[in-house]
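# Commentary on secondary and tertiary structure
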Amino acid sequence: MKGLLQRLKEKWNGTNRKQRAVMLSATGAGIAVIILLVILPGRTTLNLEFSHYNSNQGGFSIDAPFGELNISREMISFRDKNLQQFAHIHEMPEATFMVSHFDLPSGIVNPSERTSILNDLAVQFVAPVNGVINSTSDAEIEGYSGIHVKASGVAEEQEMIAEGLIMLVANRVYVIGVYGQKRVLRQKHINTFIQSLKFNF
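Figured I'd write up the structure that's included with this text. (Residues numbered from 1 in each chain as written. Predicted model: local features only at pLDDT ≥ 70, side-chain atom pairs only at ≥ 80, totals over all residues. Heavy atoms only, no water.)

### Considering the packing of aromatic side chains
The condition that has to hold: Pairing of aromatic side chains here covers Phe, Tyr and the six-membered ring of Trp, requires ring centres within 6.5 Å, and sorts the geometry by plane angle: under 30 degrees stacked, over 60 edge-to-face, intermediate tilted. For the purposes of this entry, the term helix denotes a DSSP run of H or I that reaches at least four residues, the term strand denotes a run of E that reaches at least two, and both are numbered from the N terminus. Residue burial is assigned from relative accessible area. The probe radius is 1.4 Å, only protein chains are included, and a residue is buried under 20% of its type maximum, exposed over 50%, and partly exposed in between.
This model, assessed by the stated rule, comprises 7 aromatic pairs. A centroid spacing of 6.0 Å and a plane angle of 75° characterise the contact between Phe 50 and Phe 97, whose relative ring orientation is edge-to-face. Of this pair, Phe 50 sits in strand β3 (residues 50–55) while Phe 97 sits in strand β7 (residues 95–103), and the two are 47 residues apart along the sequence. When its relative accessible area of 23% is taken as the criterion, Phe 50 is described as partly exposed. A relative accessible area of 0% places Phe 97 in the buried class. When the ring of Phe 125 is compared with that of Tyr 179, the centres are 5.0 Å apart and the planes differ by 40°; the resulting orientation is tilted. Placement of the pair is Phe 125 in helix α2 (residues 111–125) and Tyr 179 in strand β11 (residues 172–181), with a sequence separation of 54 residues. By the ring-pair criterion, three or more aromatic residues cluster together here, those being Tyr 53, Phe 60, Tyr 144, Tyr 174 and Phe 199.

Okay, here's the thing in structure tokens:
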């Protein structure tokens, strides 16, 4: 992941501070998310329409902004194991909606490690907004369990919020998250996205 962070640093080096995008990367504990946020004055809310998005390869469907999520793939490291992660992302200037998933090695998800894995992932989930976890609660989708995370933070002097689900389905991790500027991102946007998730495997 050092290569990714270095490329981002070089890409934005020398860009005017007032115009540049804030690119943040959450790394470690199996999550790799790039978030592009641009400070645009004047807008008070996001104008979003949600429609169905289906991923047969990912084994899920969800109502995404305009039904569009872009897919990327990369290798990540989790507990000294190299794993392949898929990320389905919709980026806007003020917010990012994403579903990422990766498979853990067989046997790593057991009752004694389950809580530890979820807690590690929750900490990494809030890193892109320099966030503090405000609350966690149990989550369940179609009989599969995980946690619901809410967080807040500050990036480039903007109040940020992050909310999402971290689900364990057998040995597969799903991270369903929304990050954005508090002044324009509404709870209805978050709820529409994360509450529409369905598994289709």
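### Observations concerning the pattern of salt bridges
Once their charged atoms are close, side chains differing in charge can pair, the charge on each being opposite to the other. Heads up, the rule is: What makes a salt bridge here is a side-chain nitrogen of Lys or Arg within 4 Å of a carboxyl oxygen of Asp or Glu, nothing more.
One pass over the structure, following the stated rule, counts 2 salt bridges. One salt bridge in this structure joins Arg 172 and Asp 103, with 2.6 Å as the shortest N-O distance. Placement of Arg 172 in strand β11 and of Asp 103 in strand β7 is noted, with a sequence separation of 69 residues between them. The closest approach of N and O atoms between Lys 182 and Glu 159, which form a salt bridge, is 3.8 Å. Of this pair, Lys 182 sits in the loop between β11 and α3 (187–194) while Glu 159 sits in strand β10 (residues 158–169); the two residues are 23 residues apart in sequence, bridging distant segments of the chain. The class of Lys 182 is partly exposed, set by a relative accessible area of 45%. Owing to a relative accessible area of 52%, Glu 159 belongs among the exposed residues under this scheme.

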